[in-house]
Structures are given as C-alpha cells and as structure tokens.
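Survey of secondary and tertiary structure
Listed below are the residues making up each chain.
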Amino acid sequence: MPMLTDPSVKYLPYPDVPFPPGYVRKWPTRRTTAAPRWLSTDLRDGNQALVNPMSNETKLELFRTLVKIGFKEIEVAYPSASDQEYQFCRSIIENGEVPDDVSLQIITPARPDLIERSIKSLAGCKRAIIHLYNAVSPVFREVVFRNTKEQTIDLTLNAVRLVKKLSEEEYARSGTHYTLLYCPETFSQTEPEFAVELANKVYDEWGKATPDDPIMYNLAATVECGPSNHYADMVEYFHNNIKNRDTVVLSIHPHNDRGTAVAAAELALLAGGDRIEGCLLGNGERTGNVDLISLALNMYSQGIPPNLDFSNLPEIVELVCKCNEMAVPTRYPYAGQLVFSAFAGTHQDAIKKGLDAQAKRWEGVDRLGQGKKYWAMPYIPLDPKDLGYGYENLIRVSSQSGKAGTAYVIKQTMLIDLPRRMQVSFYKVVQNESERSGKEMTPTMVTTAFKETYSVSSKPLNRIFLKSYRLFPLSPSTHEPASPLSDFSDDPLTLTPPDEDQSLLRFEAEVEVDGVPRTITGDGRGIVLAALDALKSDLDLSPDIGESTSQTINADNLPHAKCVTILELFVAGTTPSKSGVGSTWGVGISSDVATSKCRAVISAANCLAGDKSFPRAKMVFTPRSSANKYHGDGWLQEVKLRAGRLLSYNSSDSRQGLKVQTTV
C-alpha cells in the first residue's frame, strides 16, 4: 500500500502537555553542567534485543568492561525470565565480581509470582535496585490488559507492597539494601496527569524515601512517539508535580524510534532528569536505546566530565560488537571508523590549517607557561587521541580530495611541509592516479608517488640520477679553479643573481642520464646556479628559478638532522602561475645543506626534462683511484627514513676538489 497523501486521517499528532495557563518552560534556558547518574542496561535491555542472546560467559566479559568504564549502576538481568538469567546474578555476586560501590539492578514485572524470585536473585550484594514495571498508557490499559485506571493503580500498589515486604525480609537475612525503581512503562504515551497520580501513590506506598535513600522513577519513552521537546515537556511536568522532589530520582530511558534518543535524553536532563539509562552504541529493541557513548562524549566535548572512561574507545567498540554480534556504521558518531576522517578537499584544507595553528598556539602556551591548551579544530569536535585514536586517519586522500590532503600525508609520513603552490602541483599527480585506479590513495601510495615524482630514492627513478659531485671555488678574476672546497656551509638555502656578492663555484657532477654515465660541469655564483649552468651546457636544459625553501627535519629514528631543499624551476621566458601549475619542482634531502641543494636541482630537472632528447655526452665518467680520500655526507650510512627507504653513502676527497657520492 502506498504512503497516504494525507496521513492525518490515519495517524494522530502527539498531545499537548497540560501545563498551567501562562506557564513558561524552564528547560529551554538551562544548560547541562554536570554528568548525570548512569545506568548501563546492556546486559538486560540490550541483551533482550539480540537475535542470539549473550551467554553468561559473554555477559561476564561485558560486565567487567562496564565496571572498568566506570558505571556504578548496572542492570544485569531479567532473572524471572529464565534460569540462565537468574544464575548470572548469583554467579557475579557469589564469585566476588561486584565492587562495593556498584549497584546491581534487575527488572521484574508487577506480578507476585515473579517478584519473589527477582528479589532473591540479588541477595548478598551490597546494593540492589528492583526495577518494577507495568504498562499504564491508554492503549495498554484498554487493549492489552482491559483495566481501568483504578484497577491499574491497585495492581501497581499491590506489587509495591510485596516488593517492600520481601526486600525488608531479605535485608534482615543478608544485609542487601534494596532501592525501588518504579517504571510506569509507556510513559511517553501516558496522560501526564495519570502518570503523576500513579507515581505519587507509589511514593506513599513505599513510604520510606529520603534524600539519602530516594525512590526512583523510570520515565521511559518506551516508544519514541513525539519530538524531543515534547518528551522534555513531559519530564518537566512530572518533575514539577511529583511530591517531595528532593527524595526522588528521575531516571530517563529514551528509545530511538524517531532517531532522536540522544537529543531526547539531553533535553530531559534539562527538564529535571537525574539519571540516564541506555546501552553502549545504543543497542536495544527496534531502533535501540539511547547511546551512552554518544551522550557521554557530547558532554565531554563541552568540557563536562562524564565520569565514564572511553580512553580506549576502539577496544570498547570492538568488544560490544563482538558481544552483540553487531557492526557499527563507518560514520557512526564517535565510534565509526571514518567519523574523524575527511575526504573532501575543503574539509582537509581547514583541518590541516587548524592543526598547524593549534600546534603553534599550544607551543606558545608551553613556552610562556600561561594560557590554556584548548581544542579548537574545524570539523572535529574533540581530540581523537583522547579516545585512543591517532591523527593518521584524519585526512584520507581520494579523487575528491585537494592539495591540503596530500600535503598533510607528506608532512605526516616524511615530515616535509610542502609550499602551497607545490601542493597544487603534486596533488595533480595524486588525483590522476586516484582517478585511474578509482580507489583511495593510502599514505603509502601518496608517499610512493611523491618519491617517484621527485626522484627521492637511492636508485635511479627518472632520466637523470646524481651519483656524486665536486665543488671548486673559482677565482673571480680568471674564473679558474683555485684551492678545493674543504667543507660545506650549513646556511639555509639562498638564491641570488650572479651579479651579487656570492661565491663563484664550479660544479662537476657524475650522473647517469638514461642509464649512461656522464660528467656534467657548470659555473655559477652559488651551488644552485652552478648546477643549473651544468644542466644548460651539458643537457641543454635552460630553466629559470622560481620559489625555493629549505626546512630542517629532526626525527627520533635519525642520527642527524636533515635539510630538505625544495626548488621550483620553469621554462625560461615563461612566467609561473600563481597556483604553481606549469612549474616543475625538485626535492633534495641530506644532512648536508649543499648536497640537499644539488639533489633538489637534479630532482626538478627530471620533472622538467620530460621526453626531451639530450645532446651527446661531452665526456664519459671515469672512476677515480681508490687511493683518493673522500669525505662528506656520512649521515646516510644505515639510516632509514621515516618513509621507509634505506639510504647508503660513499664519499672521497681528492686534492683537486671535493667529491660527494650522492646515492639517496
């Protein structure tokens, strides 16, 4: 049958709550400032909802986890439903599994034959809560039980008298203290006036509630049949009209039929609720109970201690899923695998900028010793590390991602902070590969693409491979080599025009071009310009220099700090775009500044060369005598980069110049 064009002919709207004329609701202007009392009903309400109920061994494993999380009140069974349920209660009590500060709760219908067995199930524990319930809404009174209001009241009070009598007798025998939790089941569909009338009569019949030993009322949204604000209205009405409010605990038990159980619970707390009942991940009948994880972490993200510990949330989620034979959607709040992941480029850019800004802000707090390390991050309401997650999953790269996503991955895996215009250029490489494969680019795949694109390897990856180089200072007057250069400067990369005061150098490098050894030579003011002159004279490459930067990398797994040089080259006579498109970029990594510059030049030259035909070699490289002594980039011996590549190194120094073997 199709949906009705006018559903009002079949479905009734929720009724108004009978507040007095002119009454102003209190809950809309209140804030939650402290955590409620929590009741986990995973082992009872959650267990009843399972296709295959948990074994007692499984329940015990989950019970121990609930205690470890910090629950002080746990509903453990429906002992009158089966012998297995009854035996679980007895086993955890008799085997000493229940801490003294944890109260056990069981549920029983308002039936005399079931109440006695339920009370016995908890004999011997220090604190026990009897959850007594009967459905009292019109549809149950008139259709299911065919009772009047008066008959419903009589049935309820008879059950309360029996619970009182038997619990006092058991207290005299075993010392177990019993608290009454009465549930006018289907509260959400019951007339508010009748729910209050019945609850007040229960209060009088129990007759011993005090502020230190209160009576509890379970205000169950057994079926979520109205919006969250309506449920909050019902709770506030009950809160206003129940007698001796300071001796009463209002326990909130939303279900999730409309998908708003967490919101209903939050509003009900503002309306007067004291206690929340629910399950981890919201397990429960139909669409489930309120999710205690979501609710607690909503409070946590607002700076309110929930008094529940979800520091190892991935392990908790795994256990709950195993016990309940369920799975969590990947985008489920807090617990889903992708809940802290961003694939969209705009989101990734905001998150990367947020992380960078926050790192600087927190560093300032540490340096100055004042201020607060508050969390303020686009799209991420709380720190994933607080829940046992890392940051590696924050940004995931696909064809829908952007420059910030790939830049974030490179910074995380290789500790290199890419210039903005280079981010645009490199993302085109990643995007093309992602579109080709139709799949996500993992961090390993992004890092591999980076190394291949920019020739960051100990072996030739592209057409030009720098094996070693020598630097000679040149006489300013004759441009002839003078004494050999004995060491390298550790100054940051600076690129200056030839007519400015910078050392005139000769760059002589041993390279492989398309697999063939050859030597290239060039002169220039500074290492970079000298290397570019060699590319021009020997390989007919005449690029201009664009943007350049240098960075220092320190990592625990490296014996020495490394310098990273990033260099932009573009075809002479053209102008690079603001976005970086049309330029080529080079990356050089070394513990020696000069070597990192040389590698950056060759790296960028590889990107610029394309399928260009090179001139014939002017000379063939001949290895020098092994008697010559070399020194230079010794940090490369047995060093494993964060990216996972093993670097090796050889060097020697002759009287004719400084030669550096540049295998990366």
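- Looking up the protein chain in an unreviewed UniProt entry gives the name 2-isopropylmalate synthase, with the organism given as Leucocoprinus leucothites.
- According to its UniProt record, the protein chain has this under Catalytic activity (unreviewed entry): "3-methyl-2-oxobutanoate + acetyl-CoA + H2O = (2S)-2-isopropylmalate + CoA + H(+)".
- What the UniProt record of the protein chain gives under Sequence similarities (unreviewed entry) is the line "Belongs to the alpha-IPM synthase/homocitrate synthase family. LeuA type 2 subfamily."

1. Comments concerning the state of the cysteines
- The full count for this structure, using the stated rule, is 0 disulfides.
- Unpaired in this structure, C125 has its nearest cysteine sulfur neighbour in C89, at a distance of 8.9 Å.
- Free of any disulfide, C323 has its nearest neighbouring cysteine sulfur in C321, separated by 9.5 Å.

2. Some remarks on the packing of aromatic side chains
- The tally for this structure, following the rule as stated, stands at 11 aromatic pairs.
- Centre to centre, the rings of F19 and Y237 are 6.1 Å apart; their planes meet at 65 degrees, and the pair counts as edge-to-face. One end of the pair, F19, is in the segment before β1 (37–40); the other, Y237, is in helix α8 (residues 228–241), and 218 residues separate them in sequence.
- When its relative accessible area of 11% is taken as the criterion, Y237 is described as buried.
- Taken together, the aromatic side chains of F19, Y23 and Y237 make up a single cluster linked through ring pairs.
- Above the plane of the ring of F194 lies R141, whose end atom (NZ or CZ) is 4.9 Å from the centre.
- For the cation-ring pair, K208 lies above W206, with the distance from its terminal atom to the ring centre recorded as 4.5 Å.

3. Focus on the side chain of D592
- Along the chain, D592 turns up in the loop between β14 (584–590) and α17 (593–609).
- Lacking a salt bridge, the buried D592 has R599 as its closest oppositely charged neighbour, with an N-O distance of 7.7 Å.

Definitions and cut-offs
Throughout, residues of each chain are indexed from 1 in the direction in which the sequence is written. Note on the predicted model: pLDDT of at least 70 is required for a residue's local features to be given, and 80 or more for side-chain atom pairs to be given and counted; whole-chain, interface and lining totals, by contrast, use all residues. With hydrogens and water stripped out, all remaining heavy atoms of the structure feed into the side-chain values. UniProt positions are given in the numbering used here, feature names are shortened, and annotations may be inferred rather than shown by experiment. Cysteine sulfurs are considered disulfide-paired once they come within 2.5 Å of each other. Between rings of Phe, Tyr and Trp, where Trp is taken as its six-membered ring, a pair exists when centres lie within 6.5 Å; planes separated by under 30 degrees are stacked, by over 60 edge-to-face, and by other angles tilted. By the criteria applied, helices consist of DSSP H or I runs no shorter than four residues and strands consist of E runs no shorter than two, each listed in order from the N terminus. For each residue, the accessible area found with a 1.4 Å probe, counting protein chains only, is set against the maximum for its type, and the residue is called buried under 20%, exposed over 50%, and partly exposed in between. Charge-over-ring contacts are defined here by two conditions on Lys NZ or Arg CZ: a distance within 6 Å of the ring centre and an angle within 35 degrees of the ring normal. Residues counted as positive are Lys and Arg, residues counted as negative are Asp and Glu, and His and the chain ends are not counted. Any carboxyl oxygen of Asp or Glu within 4 Å of a side-chain nitrogen of Lys or Arg constitutes a salt bridge here.

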